[in-house]
Number of protein chains: 2
Amino acid sequence: MADLSTDGANAHRKLEEQLRHIVKLLEKHRLIEAMVDRDRTSPRHDLIESLVHRQHLVELQLKLRSLHPADIAYILEALPLDDRLLVWRQIQDENGGEVLLEVSDAVRDSLIETLERPVLVGVLGHLDADDLMELTEAIPEEVLAEVLQTLPTRDRNWLQTTLAYSDDQVGRLMSQDVLTVRESQRIEQVLLLLRGREDLPPNTDCLFVVDARHQCKGVLPLQALLLNDPSRRVTELMLADPVVFHVYDLAQDAARAFERYDLVSAPVINERGKLIGRLTVDAVIDFIREESEEDALNMAGLARDEDLFAPIWDSARNRWLWLAINLGTAFVASRAIGLFEGTIAQIVALATLMPIVAGIGGNSGNQTTALVVRGLALGEITPENTWHLVLKELGVGLLNGVVWGATVGFFAWLLYWSVPLGSVMAVAMLLNLLLAALVGAAIPLTLHRLGRDPAMGSSVLLTFITDGMGFFIFLGLASVFLV
Amino acid sequence: MADLSTDGANAHRKLEEQLRHIVKLLEKHRLIEAMVDRDRTSPRHDLIESLVHRQHLVELQLKLRSLHPADIAYILEALPLDDRLLVWRQIQDENGGEVLLEVSDAVRDSLIETLERPVLVGVLGHLDADDLMELTEAIPEEVLAEVLQTLPTRDRNWLQTTLAYSDDQVGRLMSQDVLTVRESQRIEQVLLLLRGREDLPPNTDCLFVVDARHQCKGVLPLQALLLNDPSRRVTELMLADPVVFHVYDLAQDAARAFERYDLVSAPVINERGKLIGRLTVDAVIDFIREESEEDALNMAGLARDEDLFAPIWDSARNRWLWLAINLGTAFVASRAIGLFEGTIAQIVALATLMPIVAGIGGNSGNQTTALVVRGLALGEITPENTWHLVLKELGVGLLNGVVWGATVGFFAWLLYWSVPLGSVMAVAMLLNLLLAALVGAAIPLTLHRLGRDPAMGSSVLLTFITDGMGFFIFLGLASVFLV
């Protein structure tokens, strides 16, 4: 325990050290392999090879066995493919299932791919229904069917029921390990009941109170059991109006409620009000993190989660969808320039200045879009306040248009000593910034009203419009007033 | 409790209804105000006005008093400025402090601005040291000093100590409500101790075990108290190797550890290993959410958190920094075009095609940057695997360059029936995508090595290079091979 008081207390630094240690083991391993390879002519070659190999792998296995599955997952993510698979082979049997739970989707696929079907079935056999639930999307259907056969009937039914919910619903995140007590019980009865158990499910901060029809009547915090006289009744001590989630509730809303009310666990009920599961803060944190990472990757134009060390071909395919869309919109936007080639041939400075007008329109519109997307995610934008918001954004666009239009016009004049050119530039900028404000708000609002994710594709669509219209406005004004 | 079994269970929908109800109250309020205004000539005007006013505000206050501070915060965020301040005036005295804790930074500023100094001191007087801690950045220094005077010495010292940590450190997130037990105690003694308390601090899933020098020796889960024989000793039942955080640890690393190990609370120790605080999952969730929202807003070019209904002037200023930087880089990049105005005057099609080459370079580079930024945040990119990663990204860039270069070249040929123009376009695209891969990886890696946030400004810098070099490569090749 001494190291707790030193720098060793830093959990993350410890983890990085583990990674470095394993990388060193792998390097040694590879070095020896290379030496043995050179010595292939020697008669004892096979013997030596198998000996050093075995010795090395034992060291690696010992090291890995001492690590938490989440730490092994971190190490796997940070290793290039070859090393990753070497490490994975050492642990797949014992900890494989737990590690699969902890790695990211993309790396999970790369690990599962390497397993033969019977091995995979064996690995998954160590997991319970809640864990399997998290992996269903990554497992081939036949394998899942085979694993289901090995589960107790209760678990199998649970898994089949929860799989029916879509993955943005609470039903998909809940776990089945629910501890219930009855309203009529006394605290001492509850304590006796608990004393009979070996442990409580993780993240248990309260027990759920149900009536005879298994309707959720309240929650009984563990602290109520500890702080009160055992002769008191559950009804007296329970919180009668807890936050309860419906299986069909959006996971995103549930996550917000966990944040708002600082929950650790909460009951989940079905359409008939029956208590059927439990939502816990660890599942909520994972959900929040995954959502925000997915958003960040999507916004940058990646179709899905991508392994840092994915094969080049897989990586490229993951990026093609959005590159193709961007290419398409860029081509169409560039047609706006094509319309004015005659004007550009006469005043070639226009070609130099036009990307500035288009670009700043995109930047400014993106600012509006980001704010609106967040407001929609928080449920803060309502039909009542939408117009307020749009007018305010137009106001900001107008102010920015005047300020930056004047600035840009001034620089254009400085570069080309032409007042008309500077004026056209300034007016084009103002108009494009107003357009950007309007479109930057309208796109996510419209996507949201259509029931789509307002973040998804907003930025591409916006840039398309601010580019195309930016070119069109600037070159159009130029051909009217300058030619 | 009946409504728990119906749709009313949906916490978020409930909240939206509350918001709608309040908006309706506010509308009625404003309608009557307008009627009274029109009737200003009547002698009883003042009387009527004050009567309806009072009746209305009472209804509003009653409604607000029934809401959780987090729900009031949500409603304030969703209301335009006038309405927000009207609601705020109804609750500031009683719940003001709690509500300030729950609103976003930007809205918090808008609320605090409206309070006279003595009122603000009164509002803050209801909060404890941990809560005040969260608000310190929003409160004027003199006010903070005045509030500090009203705190008990212990709280005042706590606040002054924790304020010394920077806001990305664990010390800033921890709370002081630590429950400790001694190794030598028996469970029954601990139970007796707890029985004397009214409640436990929120998110208490374990007690911290300390020795005589207040060094943290382990944690004792609450469930150990419930499941075991009271005659057993704390040492037997405690977890002796818990995750412990150092006050100077990065909050980001601590958040990752909470996710990895599914923690609810954890001890925080100082440089001498003394237990001084507690980090809890609710603070961690808030931190994760704030970080991810801040990142998203920064990436979109907003300097800081922005109130959806901020005054136009405040909003505009919040956006100027990045617009100015973007404008500057766009101007510089456009000089690359300026160099080749002679070439463009001869082949005006180049002006039409050049934004495509530049744009797709930016898109593709951003994909690389997003992946690298995430890898760095997760600590998955190490000196050992950096080259692997860069080579892989170059491979993806090469593959994309060949595929999309050929596509774009083909379309350019289709548009202008010129094989040399199509070829120049294809080669320029290939070169710019290779450059984008290299720069897209290099920028966040370099920022990280310099100890800066790799997400901050990466995208602007990248677009600057892919734009400028995209124009330069394409027009340069064109002037060599086409003119």
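Only a predicted model underlies this, so the values are computations on that prediction, with no experimental measurement involved.

The rules behind the values
- Residues numbered from 1 in each chain as written.
- Chains lettered and ligands numbered in written order.
- Predicted model: local features only at pLDDT ≥ 70, side-chain atom pairs only at ≥ 80, totals over all residues.
- Helix = DSSP H or I, 4+ residues; strand = E, 2+ residues; numbered from the N terminus.
- Rg over C-alpha atoms; globule rule 2.2 N^0.38 Å.
- Buried ≥ 20, exposed ≤ 12 C-beta atoms within 10 Å, placed from the backbone.
- Contact = placed C-beta atoms within 7 Å.
- pLDDT = per-residue confidence, 0-100.
- Least-squares fit on C-alpha atoms with pLDDT ≥ 70 in both.
- Pairing = 2+ DSSP bridges.
- Axes fitted to C-alpha atoms, helices over the stretch in contact; angles between N-to-C directions.
- Nonpolar A, V, L, I, M, F, W, Y, C, P; charged D, E, K, R; others polar.
- Right-handed = clockwise from strand over helix to strand, strands pointing away.
- Parallel < 35°, antiparallel > 145°, perpendicular 65-115°, else oblique.
- Left-handed = near helix turned anticlockwise from the far one by under 90°.
- Domains from an automatic or database assignment.

Looking only at helices and strands, chain A has 22 helices and 6 strands in total. Taken over C-alpha atoms, the radius of gyration comes to 30 Å for chain A, far larger than the 23 Å a tight globule of 483 residues would show. For the C-alpha atoms alone, the extent of chain A along its principal axes is close to 90 × 80 × 50 Å. Within chain A, the proportion of its 483 residues that are buried is 46%. A sequence separation of at least 24 residues applies to 68% of the contacts in chain A between residues at least 6 apart.

Let us now look at the confidence of the model for chain A. Residues and elements named next belong to chain A. When the pLDDT values of chain A are averaged, the result is 89; 94% of them are 70 or greater. Throughout residues 1–9 the model reports pLDDT below 50, and contacts reaching past four residues in sequence, or to other chains, amount to 17 contacts. Interface predicted TM-score (ipTM) for the complex: 0.89; the corresponding pTM is 0.89.

The next thing to look at is the relation of the copies chain B and chain A. For the pair chain B and chain A, the superposition axis carries a translation of 0.0 Å, the fit reaches an RMSD of 0.0 Å, and the rotation angle comes to 180 degrees. Taken together, the rotation and translation describe the operation of a two-fold axis. Looking at chain B, 98% of its interface residues are interface residues in chain A too, so the copies touch through the same face.

All right, on to the sheet that holds strand S5 (residues 265–269) of chain B then. Residue and element names in this part refer to chain B. In space, the 3 strands of this open sheet follow the order S4-S5-S6, with mixed pairing throughout. Taken across any chain shown, the strands that pair with only one partner, and hence form the sheet edges, are strand S4 (245–246) and strand S6 (275–280). Relative to S6, S5 runs antiparallel, the two sharing 5 bridges. Residue pairing in the sheet places Pro-267 in a bridge with Arg-278 of S6. Here helix H16 (residues 281–299) sits on the sheet in contact with S5 and S6, set at roughly 60 degrees to S6.

Moving on, we come to the interface of chain B and chain A. Between chain B and chain A, the residue contacts involve 115 residues of the former and 114 residues of the latter. Looking at the side of chain B that touches chain A, the element that brings in the most residues is helix H19 (residues 349–377) of chain B, giving 15 residues. A per-class count over the side of chain B that touches chain A returns 61 nonpolar, 29 polar and 25 charged.

This brings us to the pairing of strand S2 (residues 206–210) of chain B. Residues and elements named next belong to chain B. Burial of S2 is extensive: 4 of the 5 residues sit out of reach of the surface. Inspection of the sheet shows strand S1 (residues 180–182) paired to S2 by 3 bridges, in the parallel sense. What sits directly across from Thr-180, in S2, is Phe-208. Each parallel crossover has a hand, and for S1 linked through helix H12 (residues 187–195) to S2 it is right-handed. Of the pairings in the sheet, the one linking S2 to strand S3 (residues 216–221) comprises 5 bridges and is antiparallel in character. For Phe-208, the partnering residue across the bridge sits in S3 and is Val-219.

Quick look at the packing of helix H20 (residues 386–416) of chain A against helix H21 (residues 419–449) of chain A now. Two quantities define a packed helix pair, namely the angle between the axes and the distance from one axis to the other. All names here are of chain A. Where H20 meets H21, the closest approach of the two axes is 7 Å, and the angle between their N-to-C directions is 155 degrees. The angle between H20 and H21 falls in the class roughly antiparallel. The handedness of the crossing between H20 and H21 is right-handed. Considering only residue class, the contact of H20 with H21 consists of 27 nonpolar, 8 polar and 1 charged.

What follows deals with the domain arrangement of chain A. Accessible area lost when the parts come together is the quantity often used to give the size of an interface. Looking at chain A, the domain boundaries give domain 1 (2–166), domain 2 (180–299) and domain 3 (312–481). Computed over C-alpha atoms, the centres of domain 2 of chain A and domain 3 of chain A are 48 Å apart.

Okay, the pairing of S5 of chain B next. Residues and elements named next belong to chain B. Taking burial as the measure, the 5 residues of S5 include 5 buried ones, the bulk of the element. Where S4 meets S5, 2 bridges bridge the pair, whose relative direction is parallel. Bridge pairing in S5 places Phe-245 opposite Val-268. Between S5 and S6, which pair antiparallel one after the other, the connecting turn spans 5 residues, and Gly-273 there sits at a positive phi close to 80 degrees.

Another point: the packing of helix H16 (residues 281–299) of chain A against H16 of chain B. Here H16 of chain A crosses H16 of chain B at 10 degrees, and the two axes come no closer than 10 Å. Between H16 of chain A and H16 of chain B, the interaxial angle falls into the category roughly parallel. Contacts between H16 of chain A and H16 of chain B involve Val-281, Ile-285, Ile-288, Arg-289 and Ser-292 of chain A from the first element and Val-281, Ile-285, Ile-288, Arg-289 and Ser-292 of chain B from the second. Of the residues belonging to the contact of H16 of chain A with H16 of chain B, the class tally is 6 nonpolar, 2 polar and 2 charged.

On to the sheet that holds strand S5 (residues 265–269) of chain A. Strand pairs in the sheet, formed through backbone hydrogen bonds, run parallel or antiparallel to each other. Residues and elements named next belong to chain A. Judged by pairing direction, the sheet is mixed, and its 3 strands sit side by side in the order S4-S5-S6 without closing on themselves. A single partner strand is all that each edge strand has here, and the edge strands are strand S4 (245–246) and strand S6 (275–280). Sheet strands touched by H16: S5 and S6. Its angle to S6, the strand with the most contacts, is close to 60 degrees.

With that settled, consider unusual backbone geometry. Residue and element names in this part refer to chain B. Even without a glycine there, the phi angle at Asn-203 is positive, about 60 degrees. Phi is positive for Trp-417, which is not a glycine, with a value near 50 degrees. Of note, Trp-417 is situated in the loop between helix H20 (386–416) and helix H21 (419–449).

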